[in-house]
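Chains, contacts and geometry: an overview
Okay, here's what each chain looks like letter by letter:
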Amino acid sequence: MKREATEQAAGSLAKRQATDSTIEKRFSHDLFSKSTVDQYTTDYAGSTPYKHAVVRSFVNDNLLRSVRKEIIDNIHFTPKETDIYKIHQSGDLANLSGLPENALKKLPNLLKLRDALYSPDFREWIATVSGSGPLSGKKTDMAVNVYVPGCHLLCHDDVIGSRRVSYILYLTDPDKPWKPSWGGALRLYPTDVKHDSDGKEYKVPRPEFDKVIPPQWNQLSFFAVQPGESFHDVEEVYHLASGDDKEDGDRVRMAISGWFHIPQEGEDGFEPDLEAKLAEMSSLQQLQGQAEQFDEPQLEWQEAKGPENSATNSDDDGDVELTEDDLHFLLDYITPTYLTPDTVEELNELFEEESTLQLANFLSKRIAPRLKKQIESDAIERDFYTSRPPYKHRYVYLRGSSEQRTPPAASKEDPFGDIFLNFLPSRAFQKWLSLATGLTLKRSALLARRFRKSLDYQLAQGYSGNEPQLEYTLCVTPSSGWSGDDADDAEQDVEYGNENGNCSGGNGKHLSEDEDNVGGYELYMAGDDDDDASDGGSDHGVTIPSGTGAGNRRSSKKADPAVYQAAQEDEDDGILFSNPATWNTLSIALRDKGVLKFVKYVSKKAQGDRWDFTGCVEVVDGQEDDDEADDEEEEEEFNGFED
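Before going into details, it helps to say that this report is about the structure given with it. (Residues numbered from 1 in each chain as written. Predicted model: local features only at pLDDT ≥ 70, side-chain atom pairs only at ≥ 80, totals over all residues. Heavy atoms only, no water.)

**Notes on the overall build of the chain**
A tally of helices and strands in the chain yields 15 helices and 26 strands. Split into buried and exposed, the 643 residues of the chain put 54% on the buried side. (Helix = DSSP H or I, 4+ residues; strand = E, 2+ residues; numbered from the N terminus. Buried < 20%, exposed > 50% of the residue type's maximum accessible area, 1.4 Å probe, protein only.)

Next up, the structure:
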């Protein structure tokens, strides 16, 4: 928005420009003094984990109170939920100038604030303190985001387009000081420098933040946007908990979020090729920053455990079959009905039709009650790792490998370890999977995961393999209240009264539309149709306009996580399959290239953590078997009768 003097003279409310002295009066009285500028410059240069600054009592208090009232009275907010955030968002405030005159008359103070923030005086102040170089007054970029209890914004670095400096101006209740215990803090993540085998340097954010900046009325926080370094999140605003003072309710974290961009054409400091260079540098940094060799966990593919001779694994026709020893072994773990030929055949038919299965009460009563007691009593005596990088995921996990931390063995007194190290990696279980899905399976990789409430999540990532991959999740979350209604809390009290279990195909869409959904669900979504639609899982500036700062994580011709909660009833929301946090449910899905998957952030309001075992299994291409069969048919082709 370029404000020309001729337009100001014409009296347009939208283009009216204030004098320098008037602009300064809109800020705190000594903000522009040399001593103040020098102090903030020094503080900014010495800040960690990366350069940032916090300015308290930033704007004239009366002006900001008037702005807050105008926003509350006149601006509409839209709730939005994605894999990375849950917020209430306004429209683009940078385009205030395009509003009709009668609408602008309702927002005079907001317009004053917008003009003050992007005035030459304040842009010079920001550039001096941050050392950012010239900033654009023509390209303004700001929106209001409201975080009510349950809202959050997960780890990202704000790198989108020509952004140079990010800022947040808090408009929390001026007469009711915000308490840090309510959440809503801006949290900054440090990075570690790592080197690959060729000596190349990479910056990888740690799983834990180390700088916490709680909201405060009339406080400005800002930092330079740096690809691969300026990682931050917004802590969940916490619900009022049992025992909290009722006066601590009405927790509304309102803030103006915005960005200063590089100078645009016609402005001082404009460099014709700078934006393209920044985009190229950003893309290179993304590729380097996403170096998968530093991701944790790494999948460790293993052959199934157990006898491998053909007499054990297949019948005379080469078909997989369960031996008497297999059945005896599996009966210690699986509800018996799921092992009967009729049920396995039914599962096979359902999977062939839907490519998914959800099996309730999967673990048998021989082991499920002991496992539940072990989890509920926090008696799993194993040291968990923490996943990284946080712009992809954060949870704690165990790997099903020989490198497992002590104790590596499992016993019947350790049902968690027994399932993880004995049952799920077994050849008998893999044969059962093959029979239930009709697929020929090879190696598998296995994790045990714990998604801790108020901390953990897995952001949407695509699958890039050329061949489909079979994935399963055995969810063993003992706590209730995950689905948003109490129907599931009965936890299938038929749990062990129904010896037959409960199986279903279909898409498993059980997401609640309850505003207070506590998350923790695993969700598969349709991704791009393009062959190269794989996704590294980071949030580095794939631009679909969004006022959170994170940007929408990727464009998609079918669906995007940024809109899965907004689809109308008659629209395709792109959801292929969902797996709520439940007790004793096995979900199985055949995942194609490009399909996105994530586990939604677990709210502090959840009654417990999400626990699961999750595995992926290589699928033998059916075409290979067809080709072999064709070769045999050609060899046996009838060539007529002999003479």
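Still to come is the rest of the account.
**So, unusual backbone geometry**
That bond from Glu296 to Pro297 is cis: its omega, 10°, falls within 30 degrees of zero. Checked against the element boundaries, Pro297 lands in the loop between helix 8 (274–289) and helix 9 (310–313). Non-glycine residue Asp378 carries a positive phi angle of around 55°. Structurally, the position occupied by Asp378 is in the loop between helix 12 (368–376) and strand 15 (385–386). Assessed through its relative accessible area of 55%, Asp378 is described here as exposed. Positive phi, close to 70°, is recorded for Ser454, a residue that is not glycine. Tracing the chain through its elements places Ser454 in the loop between strand 18 (441–451) and strand 19 (457–462).

**Remarks on the packing of helix 4 (residues 61–74) against helix 6 (residues 108–117)**
Remark: helix 4 packs on helix 6, axes separated minimally by 8 Å, with the N-to-C direction vectors making an angle of 125°. As judged from the angle between their axes, helix 4 and helix 6 are oblique. Handedness of the helix 4/helix 6 crossing: left-handed. Of helix 6, the residues touching helix 4 (which contributes Leu63, Leu64, Ser66, Val67 and Glu70) are Pro108, Asn109, Leu110, Lys112 and Leu113. (Axes fitted to C-alpha atoms, helices over the stretch in contact; angles between N-to-C directions. Parallel < 35°, antiparallel > 145°, perpendicular 65-115°, else oblique. Left-handed = near helix turned anticlockwise from the far one by under 90°. Contact = heavy atoms within 4.5 Å.)

**Focus: the pairing of strand 8 (residues 191–195)**
Relative to strand 9 (residues 201–205), strand 8 runs antiparallel, the two sharing five bridges. The residue of strand 9 that forms the bridge with His195 is Glu201. (Pairing = 2+ DSSP bridges.)

**As for the sheet that holds strand 16 (residues 393–394)**
The strand order across the open sheet formed by five strands is 16-19-25-22-23, and the pairing between neighbours is antiparallel. Only two strands of the sheet have a single partner each, and these edge strands are strand 16 and strand 23 (575–579). For strand 22 (residues 522–525) and strand 23, the ladder comprises four bridges, and the chain directions are antiparallel. In the strand pairing of strand 23, Leu523 is matched with Ser578.

**A short note on empty space enclosed by the protein**
The tally for this structure, following the rule as stated, stands at eight cavities of 30 Å³ or more. In this model, the second largest cavity occupies a volume close to 90 Å³. Forming the boundary of the second largest cavity are Glu300, Gln302, Glu303, Lys305, Gly400, Leu424, Pro425, Ser444, Ala445, Leu446 and Tyr472. Considering every element that reaches the lining of the second largest cavity, the biggest residue donor is strand 18, with three residues. Split by residue class, the lining of the second largest cavity holds five nonpolar, three polar and three charged. (1 Å grid on protein atoms, 1.4 Å probe; cavity = no way out; pocket = protein on both sides within 12 Å on 5 of 7 lines; lining within 4 Å. Points joined across faces, edges and corners; volume = space filled by probe spheres on them. Nonpolar A, V, L, I, M, F, W, Y, C, P; charged D, E, K, R; others polar.)

**Some details on the packing of aromatic side chains**
Per the counting criterion, the structure on display carries 33 aromatic pairs. Ring geometry for Tyr189 against Phe209: centres 5.9 Å apart, planes inclined by 85°, an arrangement best described as edge-to-face. On the criterion of sequence distance, the pair formed by Tyr189 in the loop between strand 7 (186–188) and strand 8 and Phe209 in the loop between strand 9 and strand 10 (211–213) is long-range, its members being 20 residues apart. Residue classification places Tyr189 among the buried positions, given a relative accessible area of 0%. Its relative accessible area of 24% is what places Phe209 among the partly exposed residues. Relative to Phe423, the ring of Tyr333 lies with its centre 4.7 Å away and its plane at 10°, an arrangement referred to as stacked. (Phe/Tyr/Trp six-rings, centres within 6.5 Å; stacked < 30°, edge-to-face > 60°.)

**Description of helix 12**
Taken together, the buried positions of helix 12 are occupied by Ala368, Leu371, Lys372, Gln374 and Ile375. Each buried residue of helix 12 lies within a common arc of 160° when the element is viewed along its axis, so the set occupies one face. Structural note: helix 12 exposes Lys373 and Glu376 on the side pointing more than 90 degrees away from its buried face. Looking at the buried residues of helix 12, the elements they touch are helix 13 (415–423), strand 20 (469–476), strand 24 (583–591) and strand 26 (610–619). Phi turns positive, to about 55°, at Asp378, one or two residues after helix 12. (Arc of directions from axis to C-beta.)

**As for the environment of Thr323**
Turning to its location among the elements, Thr323 is positioned in the loop between helix 9 and helix 10 (324–330). Accessibility expressed as a relative area gives 18% for Thr323, which makes it buried. A sequence separation of 108 residues divides Thr323 from Lys431, and the C-alpha atoms of the two residues are 9.9 Å apart.

**Regarding the environment of Ser587**
Along the chain, the position of Ser587 falls in strand 24. What makes Ser587 buried here is its relative accessible area of 3%. Sequence spacing of Ser587 and Thr473 is 114 residues, and the spatial spacing of their C-alpha atoms is 5.2 Å. At 3.2 Å, the side chain of Ser587 and the side chain of Asn579 are in polar contact. (Polar contact = N/O pair within 3.5 Å; in protein donor to acceptor, adjacent residues only side chain to side chain.)

**Notes on helix 13**
Burial of helix 13 is extensive: eight of the nine residues sit out of reach of the surface. Three or more residues of helix 13 are buried, namely Pro415, Phe416, Gly417, Asp418, Ile419, Phe420, Leu421 and Phe423.

**Regarding a negative patch on the surface**
Together, Asp342, Glu345, Glu346, Glu349, Glu352, Glu353 and Glu354 make up a region of like negative charge exposed at the surface. Within the secondary structure, Glu353 sits in helix 11 (residues 341–354). (Patch = residues over 30% accessible without salt bridge, like charges linked within 9 Å, V, L, I, M, F, W, Y side chains within 5 Å. Areas by Shrake-Rupley, 256 points an atom, 1.4 Å probe, with all protein chains shown as cover. Salt bridge = Lys/Arg side-chain N within 4 Å of Asp/Glu carboxyl O. Lys, Arg positive; Asp, Glu negative; His and termini not counted. Charge placed at Lys NZ, Arg CZ, Asp CG, Glu CD.)

**Concerning the side chain of Arg388**
By secondary structure assignment, the location of Arg388 is in the loop between strand 15 and strand 16. A polar atom in the side chain of Arg388 sits 3.3 Å from the backbone oxygen of Val204. Residues contacting Arg388, with those up to four places away along its chain left out, are Asp192, Lys194, Val204, Pro205, Arg206, Pro207, Phe294, Asp295, Glu296 and His393.

**Observations regarding the pattern of salt bridges**
Following the criterion strictly, the structure yields 26 salt bridges and no others. We note a salt bridge from Arg399 to Glu300, for which the minimum N-O separation is 3.1 Å. One end of the pair, Arg399, is in strand 17 (residues 396–399); the other, Glu300, is in the loop between helix 8 and helix 9, with 99 residues separating them in the sequence. On the accessibility criterion, Arg399 (15% relative accessible area) is buried.

**Topic: the packing of helix 11 against helix 14 (residues 427–437)**
Across the interface, helix 11 lies against helix 14 with an axial gap of 6 Å and an inter-helix angle of 60°. In terms of orientation, helix 11 lies oblique with respect to helix 14. Residues Val344, Leu347, Asn348 and Phe351 of helix 11 lie in contact with helix 14, whose contacting residues are Trp432, Leu435, Ala436 and Thr437. Split into classes, the residues belonging to the contact of helix 11 with helix 14 amount to six nonpolar, two polar and no charged.

**A look at the environment of Trp432**
Tracing the backbone through its elements, the reader meets Trp432 in helix 14. For the pair formed by Trp432 and Tyr338, sequence separation is 94 residues and the distance between their alpha carbons is 9.3 Å.

**Topic: the side chain of Glu70**
Relative to the helices and strands, Glu70 is located in helix 4. For the buried Glu70, no salt bridge is present, and the opposite-charge side chain at shortest range is Lys112, 7.9 Å distant. Within the structure, the side chain of Glu70 is placed 2.7 Å from the side chain of Asn109, a separation counted as a polar contact. Excluding its chain neighbours within four sequence positions, the residues that come into contact with Glu70 are Ile75, Lys106, Leu107, Pro108, Asn109 and Leu110.

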